[in-house]
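Architecture at a glance
Okay, here's what each chain looks like letter by letter:
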Amino acid sequence: METLMSILVGILFAVGTYLILTKTLFRIILGTSILGHGVNILIITMGGLKKGGPPLLGIKNLTYADSLPQALLLTAIVINFATTALFLVLSYRAYKVLGTDDTEQLRGVENE
């Protein structure tokens, strides 16, 4: 199961990186969002189930879920949502003001 999740993380990182390197703002925003989802899956995969017993209770030979990766994941989801919303609002405003979402035209350099 962990190898399948690792492959999924690799695919999401590759797709996100490809989209970030394109010229349109919407694809760049989509790429950052996909990278954020890849990081979330990576955090959950690395968290896993712990063997032994929960700390401070003295119980042995159980499996338990560590709550720290889950708390980090919730924080990462909120941050990813906020940055995606901010990027979407900024790109919409740039499109309304400048009339394009192509990064080459937004740069203002025409014949270089």
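Given the structure is predicted, the values throughout are model-derived calculations rather than measurements.

**Details of the environment of S33**
- With respect to the helices, strands and loops of the structure, S33 is situated in helix α2 (residues 25-47).
- Considered as a pair, S33 and T84 are 51 residues apart in the sequence and their alpha carbons are 6.5 Å apart.
- When neighbours within four sequence positions are excluded, S33 is seen to be in contact with N80 and T84.

**So, helix α3 (residues 67-98)**
- Counted at 1.5 Å a residue, the expected span for α3 with its 32 residues is 46 Å, and the 46 Å between its end C-alpha atoms agrees.
- Residues of α3 that are buried include every one of P69, L73, A76, N80, T84, S91 and A94, and no others.
- Buried residues in α3 make contact with α2.
- Following α3 by one or two positions, G99 adopts a phi angle in the positive range, close to 80°.

**Let's talk about the environment of E104**
- In this fold, E104 is placed in helix α4 (residues 103-107).
- Expressed as a C-alpha distance, the spacing of E104 and T24, which sit 80 residues apart in the sequence, is 8.7 Å.

**Let's talk about the packing of helix α1 (residues 2-20) against α2**
- One can describe the packing of α1 onto α2 by two numbers: an axis separation of 8 Å at closest approach and a directional angle of 160°. Judged on the interaxial angle alone, α2 and α1 are roughly antiparallel. Note that α1 runs across α2; the crossing there is left-handed.
- A per-class count over the contact of α1 with α2 returns 15 nonpolar, 7 polar and 2 charged.

Cut-offs applied
Residues numbered from 1 in each chain as written. Predicted model: local features only at pLDDT ≥ 70, side-chain atom pairs only at ≥ 80, totals over all residues. Heavy atoms only, no water. Helix = DSSP H or I, 4+ residues; strand = E, 2+ residues; numbered from the N terminus. Contact = heavy atoms within 4.5 Å. Expected span 1.5 Å × (residues − 1). Buried < 20%, exposed > 50% of the residue type's maximum accessible area, 1.4 Å probe, protein only. Axes fitted to C-alpha atoms, helices over the stretch in contact; angles between N-to-C directions. Parallel < 35°, antiparallel > 145°, perpendicular 65-115°, else oblique. Left-handed = near helix turned anticlockwise from the far one by under 90°. Nonpolar A, V, L, I, M, F, W, Y, C, P; charged D, E, K, R; others polar.

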